[in-house]
Amino acid sequence: MSSSSRDEEFEFVVQQHYQGLYRFALLLTASDAEARDLAQQAFCVWAEKRHTIRDRNKTRSWLVTTLSREFLKECRRRNRFPESVLDEGAVRAPDLTPDVICQLDAKLLCRALRGVQDRYRVPLVLFCLEGRSYLEIARTLGIPVGTVKSRISRGKRQLGAAIAVRGHPARGPG
């Protein structure tokens with residue numbers, strides 16, 4: 001493939017997938033600059049390794065997987081946010097039904113997602129906001145399906161607690 005063809009292919013892939021990838025990164029980081037950096041990093045990795053992708057129809061999935069891995073790698077590298085144990089008795093996590101999530105302000109949701117530990121945030125975003133199945137998430141992150149289910153469950157509890165702490169307890173139906 002000529003240099004010109006590779007450049008055109010790269011531009012096409014960026015135009016086709018940048019917005020979705022950026023939104024996904026923004027949900028993970030809640031930072032415009034970090035989201036841009038993550039999306040850019042995913043495209044850089046794709047540019048280096050695109051020759052290994054057999055099915056071009058899976059480019060989006062490959063980019064999301066790469067971005068997820070880069071996010072987790074960066075979180076481990078930084079390690080600037082020490083884990084804290086939630087006192088489950090102090091804050092009752094609200095039930096997060098799809099109706100409640102739809103009612104939440106997007107900025108509140110982004111801020112609340114920052115209250116979810118990184119290891120739980122990625123599978124939670126992939127499941128709830130990207131609509132990925134447990135199996136897809138397990139393959140993407142390279143972890144067992146049971147671990148995915150556990151992390152999503154814990155992520156939902158932490159998200160609910162983060163929302164409640166911010167003074168916006170979720171309301172149940174009725």
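All residue numbers here refer to positions counted from 1 along the written sequence of the relevant chain. Per-residue local features of the predicted model are confined to residues with pLDDT of at least 70, and side-chain atom pairs are confined, for both listing and counting, to 80 or more; whole-chain, interface and lining totals are unaffected and use all residues. In computing side-chain properties, one takes all heavy atoms of the structure into account and sets aside hydrogens as well as water.

Draft legend 1. Examining the overall build of the protein more closely. Within the protein, the regular secondary structure consists of 8 helices and 0 strands. Across the 174 residues of the protein, 39% fall into the buried class. Every residue pair with non-hydrogen atoms within 4.5 Å of one another is taken to be in contact. Of the contacts formed within the protein by residues at least 6 apart in sequence, a portion of 69% connects residues at least 24 apart. Surface exposure here means Shrake-Rupley accessible area, sampled with a 1.4 Å probe, where a residue is shielded only by the protein chains that are shown. Carbon together with sulfur atoms contributes 49% to the accessible area of the protein, which is approximately 10700 Å² in total. Segments assigned H or I by DSSP are reported as helices when at least four residues long, segments assigned E as strands when at least two residues long, and all are numbered from the N terminus. Exposure classes here rest on a 1.4 Å probe applied to the protein chains alone. A residue is buried below 20% of its type maximum, exposed above 50%, and partly exposed in between.

Draft legend 2. Region of the structure containing helix α1 (residues 3-29). Helix span is expected to be 1.5 Å times the residue number reduced by one. If you check α1, its first and last C-alpha atoms are just 34 Å apart, much less than what 27 residues at 1.5 Å a residue would give, namely 39 Å. Of all the bends in α1, the greatest measures close to 50 degrees and is centred on His-17. Restricting attention to buried positions, one finds in α1 the residues Glu-9, Val-13, His-17, Leu-21, Tyr-22, Phe-24, Ala-25, Leu-27, Leu-28 and Thr-29. At the exit of α1 stands Ala-30, carrying a positive phi of roughly 60 degrees. Here the bend at a residue means the angle between the axes of two seven-residue stretches, the one that ends at it and the one that starts at it.

Draft legend 3. Spotlight on the confidence of the model for the protein. On average, residues of the protein carry a pLDDT of 79, and 76% of them reach 70 or more. Looking at any residue, its pLDDT shows the predictor's confidence there, from 0 to 100. Ranking the helices and strands of the protein by mean pLDDT puts helix α2 (residues 32-49) first, with 90, and helix α4 (residues 98-103) last, with 59. Between residues 168-174, whose pLDDT stays under 50, and residues either more than four places distant or in other chains, the model counts 11 contacts.

Draft legend 4. Just the environment of Thr-59, in detail. Position of Thr-59 among the secondary structure elements: in helix α3 (residues 59-78). Exposure remark for Thr-59: the relative accessible area of 4% places this residue in the buried category. Sequence-wise, Thr-59 and Trp-46 are 13 residues apart; in three dimensions their C-alpha atoms are separated by 8.7 Å. Contacts of Thr-59, omitting those with residues within four sequence positions, involve Val-13, His-17 and Trp-46.

Draft legend 5. Layout of the packing of aromatic side chains. A pair of Phe, Tyr and Trp rings is counted when the ring centres sit within 6.5 Å of each other, with Trp represented by its six-membered ring. The angle between the planes then sorts it: under 30 degrees is stacked, over 60 is edge-to-face, the rest tilted. For the coordinates displayed, the defined rule picks out 5 aromatic pairs. Look at Phe-10 and Phe-43: their rings are 6.4 Å apart centre to centre, the planes differ by 80 degrees, and that puts the pair in the edge-to-face class. Remark: Phe-43 occurs in helix α2 and Phe-10 occurs in helix α1; sequence separation between them is 33 residues. Classification of Phe-10 by relative accessible area gives partly exposed; the value is 27%.

Draft legend 6. The arrangement of the nonpolar core in detail. Here, nonpolar core means buried Ala, Val, Leu, Ile, Met, Phe, Trp, Tyr and Cys residues that are tied together by side-chain atoms lying within 4.5 Å of each other. Core analysis: the biggest nonpolar cluster contains 38 residues, and Leu-67 and Leu-159 have the highest contact counts within it. Counting only elements with at least two residues in this core, the list comes to α1, α2, α3, α5 (106-114), α6 (118-128), α7 (134-141) and α8 (145-165). Broken down by element, this core gets its largest block of residues, 7 residues, from α1.

Draft legend 7. Region of the structure containing the side chain of Arg-132. With respect to the element layout, Arg-132 can be found in the loop between α6 and α7. Charge convention: Lys and Arg are scored as positive, Asp and Glu as negative, and His as well as the terminal groups of each chain are ignored. The working definition used for a salt bridge is a side-chain nitrogen of Lys or Arg within 4 Å of a carboxyl oxygen of Asp or Glu. An unpaired buried charge is present at Arg-132: no salt bridge exists, and Glu-130, the closest side chain of opposite charge, is 4.6 Å distant. We define a polar contact as two N or O atoms separated by no more than 3.5 Å, with the added condition that, inside protein, one atom must be a possible hydrogen donor and the other a possible acceptor, whereas residues neighbouring each other in sequence contribute only through side-chain atom pairs. At a separation of 3.4 Å, a polar atom in the side chain of Arg-132 contacts the side chain of Thr-140. Discounting chain neighbours no more than four positions away, the residues touching Arg-132 are Arg-60, Ser-61, Val-64, Leu-126, Phe-127, Ile-137 and Thr-140.

Draft legend 8. Representation of the side chain of Arg-121. Locating Arg-121 in the fold gives a position in helix α6. Using a relative accessible area of 2% as the deciding quantity, one classes Arg-121 as buried. There is a polar contact of 2.3 Å between the side chain of Arg-121 and the backbone oxygen of Leu-28. Sequence-distant contacts of Arg-121, that is, excluding residues within four places in its chain, are made with Leu-27, Leu-28, Thr-29, Phe-71, Leu-113, Arg-114 and Val-116.

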